[in-house]
Amino acid sequence: MFKAVSVLALLALASSCASTGAPARAASFDADGVYITHLRVRLAPSHTKAFEALMKRCVESARAAGLASDYDWLCYREPPGRYWLVHFSETADGFALPESLEGFVDQLGRAEGEPTRDELMTALAELEYETEWAIVARQKASWSTVASMSTATHPKARMMDRTVRPGMEAEFDAALEARTAFFAEHAYPLPVEGFVILDGAPGRAMQIVFPVDWSSFHDSDSFFAFVKGLDEAARDDYAARKAALMVTMAGAEYFDGSFVPELCYSAE
């Protein structure tokens, strides 16, 4: 279903759980690309199959209702028991689908009719799950090596969530831009996209690298493995750029997900 889908931006991360109010559209950094919502849900291990069945039913409902491409979503599976739902918009407040799992399921059910809505909401109520975050972000070109990528060719995603030292936002911005430029200059083979988080996480920033598969990523395509294969001058250049970035950071976390096409919707 997603063999021809171009992903202009994917994934982002915040430290807090979903809010019931409208998100504030404020950020520590300027950004210039497409907007996304990113929802991360953790299921009890015994409830993952039921969740996937619910998601497949949501896909069926969207198809039956003939929803337009504004309603397209992507889904990634992050073991153990976590899932990411990603929606897109050209504007910060133009998302067709709600930013919560409850709103997402409710709206997709209503699109087909009240009986379907009741069926889907009942199935959701039976799940044991936790919303770990629900955030809005925007792609930043200077933190990215590409403007778009395809899940058909790069179905894996490694999220790199970085916490910026207070007062060092400008230095962080410049250092991440310089390190990202290094990968573009040396023809790093995988797409990299960077994101500014817009709601509730002023000290956080995100980059995502999109591997083809995990074995080749760890063997040759991770940042470490790629740089290791360059000449000494390039390695020294990279080390300096990385060091400049590291002093601006208070911490970092990494999350790996795999694209699950049967849990996604595309109007095309």
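Structural data are supplied above this passage.
Sequence positions are assigned chain by chain, starting from 1 and proceeding in written order. A pLDDT threshold of at least 70 governs which residues receive local features in this predicted model, and a stricter bar of 80 or more applies before side-chain atom pairs are shown or counted, although totals over entire chains, interfaces and linings include all residues. Note that water and hydrogens are dropped before the side-chain values are worked out from all heavy atoms of the structure.

Colleague: Honestly, the overall build of the chain in this entry has me stumped. Any pointers?
Modeller: Under the DSSP-based scheme used, a helix requires at least four consecutive residues in state H or I and a strand at least two consecutive residues in state E, with every element numbered from the N terminus. When helices and strands are tallied, the chain shows 7 helices and 10 strands. Relative accessibility under 20% of the residue-type maximum defines a buried residue, over 50% an exposed one, and the middle range a partly exposed one, all with a 1.4 Å probe and only protein chains included. Out of the 268 residues belonging to the chain, those deemed buried represent 51%. The contacts of the chain with a sequence gap of at least 6 include a subset with a gap of at least 24, amounting to 85%. Here the chain displays about 11600 Å² of accessible surface, and carbon together with sulfur accounts for 52% of that area. Residue contacts follow a heavy-atom distance rule, with two residues in contact if any of their heavy atoms lie within 4.5 Å. Computed with a 1.4 Å probe, the accessible areas rest on the Shrake-Rupley method; for each residue, only the protein chains presented here act as cover.

Colleague: For this particular structure, what's the right way to read the side chain of Ser89?
Modeller: Tracing the backbone shows Ser89 in strand 4 (residues 82-89). Judged by relative accessible area, which is 6%, Ser89 ranks as buried. We define a polar contact as two N or O atoms separated by no more than 3.5 Å, with the added condition that, inside protein, one atom must be a possible hydrogen donor and the other a possible acceptor, whereas residues neighbouring each other in sequence contribute only through side-chain atom pairs. Of note is the side chain of Ser89, whose polar atom sits 2.6 Å from the backbone oxygen of Thr91. Excluding anything up to four places from it in sequence, Ser89 contacts Val34, Tyr35, Gly94 and Phe95.

Colleague: How should I be thinking about helix 4 (residues 169-185) in this particular structure?
Modeller: Think of an α-helix as turning once every 3.6 residues; residues three or four places apart then point the same way. Expected span, for any helix, means 1.5 Å times one less than how many residues it has. Helix length check: helix 4 (17 residues) gives 24 Å between terminal C-alpha atoms against 24 Å at 1.5 Å per residue, within 8%. Among the residues of helix 4, Phe172, Asp173, Ala175, Leu176, Arg179, Thr180, Phe182 and Phe183 are the ones counted as buried. Close packing links the buried residues of helix 4 with strand 5 (129-140), strand 7 (156-164), strand 9 (204-209), helix 6 (223-228), helix 7 (232-246) and strand 10 (249-259). Backbone geometry just downstream of helix 4 places Ala187 in the positive-phi region, at approximately 55 degrees.

Colleague: Explain the sheet that holds strand 10 here, please?
Modeller: For sheets, the rule is that strands pair by backbone hydrogen bonds, running either parallel or antiparallel. One closed barrel holds the 8 strands; their spatial order is 2-4-3-10-7-9-8-5, and the pairing between them is antiparallel. Between one strand axis and the next, the sheet turns through 35 degrees on average, direction left out of account. Criterion used throughout: strands pair if DSSP finds at least two bridges between them. Here strand 7 runs beside strand 9; their pairing, made up of 6 bridges, is antiparallel. Among the inter-strand pairings, Arg158 is bridged to a residue of strand 9, identified as Val209. Packed onto the sheet, helix 5 (residues 214-221) meets strand 7, strand 9 and strand 10 and runs at close to 55 degrees relative to strand 7. A fitted line through C-alpha atoms represents every axis, and for helices the fit uses only the stretch in contact; the resulting angles, taken between N-to-C directions, go from 0 to 180 degrees.

Colleague: Sorry, what's going on with helix 3 (residues 114-125) here?
Modeller: Its 12 residues give helix 3 an end-to-end C-alpha distance of 16 Å, which sits within 8% of 16 Å, the value for a rise of 1.5 Å per residue. Those residues of helix 3 not exposed but buried are Thr116, Leu120 and Leu124. For helix 3, the buried positions fall inside an angular range of 70 degrees around the axis, keeping them on one side. Opposite the buried face of helix 3, at more than 90 degrees from it, the exposed residues are Pro115 and Ala125. Working note: the arc is built from the helix axis to C-beta atom directions.

Colleague: What am I meant to see in unusual backbone geometry here?
Modeller: Keep in mind that most residues, glycine aside, have a negative phi and that most peptide bonds are trans. Pro79 connects to Pro80 through a cis peptide bond whose omega is 0 degrees. Structurally, Pro80 can be placed in the loop between strand 3 (74-78) and strand 4. For Ala187, which is not a glycine, the phi torsion comes out positive at approximately 55 degrees. Turning to its location among the elements, Ala187 is positioned in the loop between helix 4 and strand 8 (192-197). Residue classification places Ala187 among the exposed positions, given a relative accessible area of 58%.

Colleague: What's the story with the packing of helix 2 (residues 101-112) against helix 3 in this structure? I'm lost.
Modeller: When two helices pack together, their arrangement is given by the angle between their axes and by how far apart the axes lie. Running from amino to carboxyl end, helix 2 crosses helix 3 at an angle of 155 degrees, the nearest separation of the two axes being 6 Å. Between helix 2 and helix 3, the interaxial angle falls into the category roughly antiparallel. The two elements helix 2 and helix 3 meet at a crossing, and its hand is right-handed. Contacts between helix 2 and helix 3 involve Leu101, Glu102, Val105, Asp106, Leu108, Gly109, Arg110 and Glu112 from the former and Glu114, Thr116, Arg117, Leu120, Met121 and Leu124 from the latter. The labels follow the angle: roughly parallel below 35 degrees, roughly antiparallel above 145, roughly perpendicular from 65 to 115, and oblique for the rest. A crossing counts as left-handed when the near helix is turned anticlockwise from the far one by less than a right angle, and as right-handed when that turn is clockwise.

Colleague: In this structure, what is going on with the pattern of salt bridges? I would like to understand it.
Modeller: Pairs can form between side chains of opposite charge once their charged atoms are near each other. Basic side-chain nitrogens of Lys or Arg form a salt bridge, by our definition, when they fall within 4 Å of a carboxyl oxygen of Asp or Glu. With the rule as written, the count across this model stands at 19 salt bridges. A salt bridge links Glu119 to Arg57, with the nearest nitrogen and oxygen atoms 3.0 Å apart. Here Glu119 is found in helix 3, whereas its partner Arg57 is found in helix 1 (residues 48-65), with 62 residues between them in sequence. Among the salt bridges present, the one from Asp173 reaches Lys140, with a minimum N-O distance of 3.8 Å. You can see Asp173 sitting in helix 4 and its partner Lys140 sitting in strand 5, a full 33 residues away along the chain. Both residues of the pair, Asp173 and Lys140, count as buried. Each of the salt bridges in this network shares a partner with another, and the network as a whole consists of Arg40, Arg42, Glu78, Arg82, Glu130 and Glu132.

Colleague: Would you mind going over the pairing of strand 4 with me for this structure?
Modeller: Two faces belong to every sheet, and in a regular strand the side chains alternate between them. With respect to burial, strand 4 is a largely interior element, 7 of its 8 residues being buried. Note that strand 2 (residues 35-43) and strand 4 share 8 bridges and pair antiparallel. Its bridge partner being in strand 4, Tyr35 is matched across the sheet by Ser89. Across 5 bridges, the pairing between strand 3 and strand 4 is antiparallel. Across the sheet, Tyr76 pairs through a bridge with Trp84, a residue of strand 4. In sequence, strand 3 turns back onto strand 4 through a hairpin of 3 residues, with Gly81 there showing a positive phi of about 75 degrees.

By themselves, these are just geometric observations and shouldn't be taken as functional.
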